[in-house]
Amino acid sequence: MMPAPREESAETLKVTRAIFNFESKCNMACRFCYVPFQRATSTLDDWQAIVSRIIELGARSIVFGGGDPLAFPDFRTLLPWMRETQPAGIRIHVDTNGIGFTNGDKTVLALANSVGLPFDGSTPAVHDAVRNYKGHFQIVLGVLKELLGAGFWLRINTVVTRENLSDLTALGALLDRYEIGLWSLYEFWPTEPAASQGADRFGLRHEDFARGAEEVRRVVRRIPIDVRSIQDRLDVLEDRYVL
């Protein structure tokens, strides 16, 4: 069971980093996803008010994540607004699955400090099966090449599951060909709705996750690797707040 968020008053609340998820819809249906995507829709005015409040509370780093930010046209207005109206020095990271990416989005994404892309397999067969989206491997690979060619700093996110555990070193060899800023490995976390959709299929022992991550560290030479176990993320959740 996930711990309940801790509530504090504005007087005592101190935020340094915030994760801003778009939870009303997503253009993918990954069976391991922990976001229910059943929230009410929101507007650009809502987003601006939330961002302003987060920064007012002290946040200096904001991560925009799924549902995919680029699936929302007004997101392309949000980042320029942030850079024009909010204090200098706010770090912005954008996670995208690449499906809604267009060449024109490079101008908007250039306002972020970094961009994250998902890679869950070294081949279309592995990646597309894990992501439940035929053709997604080629989409993400194309976006990766496009952004690296434009000088972007990229983080690759991989959800390690039973289905792709044996493919991790091959994926590392693929990614090692590119100038990746960071590769994050996340242990599959069987929370709802993933618990009812894919726990039997994707679940793996923590020891197997740790062993796979260690093998990747031995093989991959160029890319810094960030390993995030379930416990690592639970430790972070202990510091969640309701704004």
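Predicted model only: the values in this text are computed from it and were never measured. (Residues numbered from 1 in each chain as written. Predicted model: local features only at pLDDT ≥ 70, side-chain atom pairs only at ≥ 80, totals over all residues. Heavy atoms only, no water.)

## Examining the overall build of the chain
Right, on to step 1. A count of helical and extended segments in the chain gives 10 helices and 7 strands.
Right, on to step 2. Sorting the 243 residues of the chain into buried and exposed places 48% on the buried side.
Right, on to step 3. Sequence separation of at least 24 residues holds for 73% of the intrachain contacts in the chain that already meet a minimum separation of 6.
Right, on to step 4. Here the chain has roughly 12,100 Å² of accessible surface; of this, 51% comes from carbon and sulfur atoms. (Helix = DSSP H or I, 4+ residues; strand = E, 2+ residues; numbered from the N terminus. Buried < 20%, exposed > 50% of the residue type's maximum accessible area, 1.4 Å probe, protein only. Contact = heavy atoms within 4.5 Å. Areas by Shrake-Rupley, 256 points an atom, 1.4 Å probe, with all protein chains shown as cover.)

## Digging into the nonpolar core
Right, on to step 1. Judged by nonpolar contacts, the single largest core of 65 residues is most densely connected at F64, F75, M82, F119 and W183.
Right, on to step 2. In terms of residue count, helix α5 (residues 136-149) provides more of this core than any other element does, 6 residues in total.
Right, on to step 3. In this structure, M82 is in contact with V51, I62, F64, I90 and I92, ignoring residues within four places of it in sequence. (Core = buried A, V, L, I, M, F, W, Y, C linked by side-chain atoms within 4.5 Å.)

## Notes on the pairing of strand β5 (residues 154-160)
Right, on to step 1. With 7 of 7 residues buried, β5 lies mostly within the body of the structure.
Right, on to step 2. Neither face of β5 is open: one carries L154, I156, T158 and V160, the other R155, N157 and V159, and all of them are buried.
Right, on to step 3. Across 4 bridges, the pairing between strand β4 (residues 114-118) and β5 is parallel. By the bridge assignment for β5, G116 is matched with R155.
Right, on to step 4. When β5 meets strand β6 (residues 182-187), the two strands line up parallel, connected through 6 bridges. Across the sheet, V159 pairs through a bridge with Y186, a residue of β6.
Right, on to step 5. This β-α-β element, β5 to helix α6 (residues 168-175) to β6, shows right-handed connectivity. (Pairing = 2+ DSSP bridges. Right-handed = clockwise from strand over helix to strand, strands pointing away.)

## Observations concerning unusual backbone geometry
Right, on to step 1. Looking along the chain, the bond that leaves G66 and enters G67 is cis, with omega of 5°.
Right, on to step 2. Its location among the elements puts G67 in the loop between β2 (61-65) and α2 (75-85).
Right, on to step 3. One non-glycine residue with positive phi stands out, namely N132, at about 60°.

## Describing the packing of aromatic side chains
Right, on to step 1. Enumeration over the complete set of coordinates arrives at 11 aromatic pairs.
Right, on to step 2. Here W47 and F72 contribute two aromatic rings whose centre-to-centre distance is 6.0 Å and whose plane-to-plane angle is 85°, an arrangement assigned as edge-to-face. With a gap of 25 residues between them, W47 in helix α1 (residues 44-56) and F72 in the loop between β2 and α2 connect regions that are remote in the sequence. Like W47, the residue F72 is buried in the burial classification. (Phe/Tyr/Trp six-rings, centres within 6.5 Å; stacked < 30°, edge-to-face > 60°.)

## Some thoughts on the pattern of salt bridges
Right, on to step 1. Throughout the structure, instances matching the rule amount to 12 salt bridges.
Right, on to step 2. A salt bridge links D95 to R155; the shortest N-O distance between them is 3.4 Å. Of this pair, D95 sits in strand β3 (residues 91-95) while R155 sits in strand β5; the two residues are 60 residues apart in sequence, bridging distant segments of the chain.
Right, on to step 3. The residue R218 makes a salt bridge to E215 at a minimum N-O spacing of 2.3 Å. Of this pair, R218 and E215 are both found in helix α9 (residues 206-219), 3 residues apart, which corresponds to roughly one turn of the helix.
Right, on to step 4. Overall, the relative accessible area of 46% leaves R218 in the partly exposed class. (Salt bridge = Lys/Arg side-chain N within 4 Å of Asp/Glu carboxyl O.)

## Let's talk about the side chain of S229
Right, on to step 1. Along the chain, S229 falls in the loop between β7 (225-228) and α10 (230-237).
Right, on to step 2. The class of S229 is buried, set by a relative accessible area of 8%.
Right, on to step 3. Beyond its immediate chain neighbours, meaning those up to four positions away, S229 contacts E187, H206 and F209.

## Section: α5
Right, on to step 1. The terminal C-alpha atoms of α5, which comprises 14 residues, lie 20 Å apart, in line with the 20 Å expected from a rise of 1.5 Å per residue.
Right, on to step 2. What α5 keeps buried is the set H136, F137, V140, L141, V143, L144 and L147. All buried residues of α5 lie within an arc of 165° about the axis, which places them on one face of the element.
Right, on to step 3. Buried residues along α5 sit against α3 (105-109), β4, α4 (124-131), β5 and α6. (Expected span 1.5 Å × (residues − 1). Arc of directions from axis to C-beta.)

## Topic: the state of the cysteines
Right, on to step 1. Per the counting criterion, the structure on display carries 0 disulfides.
Right, on to step 2. In this model C30 remains outside any disulfide bridge; the closest cysteine sulfur is found in C33, 6.3 Å from its own. (Disulfide = S-S within 2.5 Å.)

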